[in-house]
Amino acid sequence: MELYLDTADVAAVKRLARVLPLQGVTTNPSIVAKAGISLWEVLPALQDALGGEGKLFAQVIASHADEMVKEAQLLTARVPGLVVKVPATPEGLAALKQLKLMDIPTLGTAVYGAAQGLLAALAGAEYVAPYVNRLDAQGGDGIQMVQDLQQLLTLHAPDAKVLAASFRTPHQAMSCLLAGCEAITLPIDVVEQILVTPAVTAAIGGFEKDWQGAFGSLTL
């Protein structure tokens with residue numbers, strides 16, 4: 001599987017890259033805007049935080065296919081190896097088809113339905129990003145949508161991968177992995193929920209207390 005962080009927080013990426021088997025970092029316009037750093041500054045900084053390795057994802061802003069393609073070309077020229085995120089709208093699907101012919105790697109994003117995600121994959125997207133929690137917030141079933149999308153890609157677009165996104169809980173992320181997703185991207189707060197568990201902290205504290213009580217130190 002591929003594990004990504006969904007953030008533009010360079011310090012957090014550097015800290016977590018030390019302990020997690022990360023494949024890279026995903027961003028979107030809202031994430032970059034919240035960070036308040038120019039895209040052209042934050043992308044190299046994220047690459048450095050990953051140790052100079054790892055895959056980066058950045059999204060086009062344009063809404064028309066031809067302009068999306070131009071922005072994608074600019075992004076990949078400035079950041080070699082970047083995966084370009086393109087919304088899976090009608091214009092986005094047209095852009096994905098053009099970018100496929102140019103051998104520019106893409107991700108179909110803002111996916112709220114399995115059929116929409118399948119179309120993005122068939123148009124040429126290497127990755128498809130279903131929005132799990134956002135669909136849940138609208139009264140839908142994000143996990144079921146991911147399960148359906150994963151099955152559709154397995155049957156009809158096996159070269160494309162589901163890169164599940166938009167999580168609020170570790171349970172949502174684990175459910176996507178159990179559904180067969182090959183990639184997920186996690187916000188920092190969800191990663192922290194996975195890494196820091198009160199029961200684990202309490203258990204380790206008990207071990208240390210017992211050891212120190214018996215041997216007078218916390219060393220072997």
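Structural data are supplied above this passage.
Thresholds, definitions, all that
The written sequence of each chain sets the order in which its residues are numbered from 1. Per-residue local features of the predicted model are confined to residues with pLDDT of at least 70, and side-chain atom pairs are confined, for both listing and counting, to 80 or more; whole-chain, interface and lining totals are unaffected and use all residues. Computation of side-chain values covers all heavy atoms of the structure but excludes hydrogens and water. Counting from the N terminus, the helices are DSSP H or I runs at least four residues long and the strands are E runs at least two residues long. Throughout this description, buried means an accessible area under 20% of the type-specific maximum (1.4 Å probe, protein chains only), exposed means over 50%, and partly exposed covers the range between. What makes two strands pair is DSSP finding at least two bridges between them. Angles shown run from 0 to 180 degrees and are taken between the N-to-C directions of axes, each axis being a line fitted to C-alpha atoms and, for helices, limited to the stretch in contact. Candidate patch residues must exceed 30% relative accessible area and have no salt bridge, after which like charges are joined if within 9 Å and Val, Leu, Ile, Met, Phe, Trp or Tyr side chains if within 5 Å. Calculation of accessible area relied on Shrake-Rupley with a 1.4 Å probe; when residues are assessed, cover is drawn exclusively from the protein chains displayed. For this document, the term salt bridge refers to a Lys or Arg side-chain nitrogen within 4 Å of an Asp or Glu carboxyl oxygen.

Caption draft 1: Local environment of unusual backbone geometry. With a phi close to 60 degrees, Ala110 is a non-glycine residue in the positive phi region. Its location among the elements puts Ala110 in strand β5 (residues 106-111). Residue classification places Ala110 among the partly exposed positions, given a relative accessible area of 24%. In this structure, Ser166 takes a positive phi of about 65 degrees despite not being glycine. Mapped onto the elements of the fold, Ser166 is located in the loop between β7 (161-164) and α9 (170-178).

Caption draft 2: Geometry of the sheet that holds strand β6 (residues 127-130). The sheet built from 8 strands closes into a barrel, its strands ordered β1-β2-β3-β4-β5-β6-β7-β8 with parallel pairing. Strand after strand, the sheet turns through a mean of 25 degrees between neighbouring axes, direction not considered. Strand direction decides the pairing type here: strand β4 (residues 83-87) and β5, joined by 4 bridges, are parallel. Within the sheet, the bridge partner assigned to Val84 lies in β5 and is Thr106.

Caption draft 3: Just the pairing of β7, in detail. Here 2 bridges tie β6 to β7, and the two strands are oriented parallel to one another. Across the sheet, Tyr127 pairs through a bridge with Lys161, a residue of β7. Pairing analysis gives 2 bridges linking β7 to strand β8 (residues 183-186), with the strands arranged parallel. Of the residues in β8, the one forming a bridge with Leu163 is Ala183.

Caption draft 4: Representation of a nonpolar patch on the surface. On the surface, Trp211, Phe215, Leu218 and Leu220 cluster together into a nonpolar patch covering about 530 Å² of accessible area. Take Trp211: its relative accessible area is 34%, and that puts it in the partly exposed class.

Caption draft 5: Fine view of the pattern of salt bridges. Taken as a whole, this structure holds 4 salt bridges when the rule is applied. Linking Glu2 and Lys161 is a salt bridge whose minimum nitrogen-to-oxygen distance equals 2.5 Å. Taken as a pair, Glu2 in strand β1 (residues 2-6) and Lys161 in strand β7 lie far apart in primary sequence, 159 residues in all.

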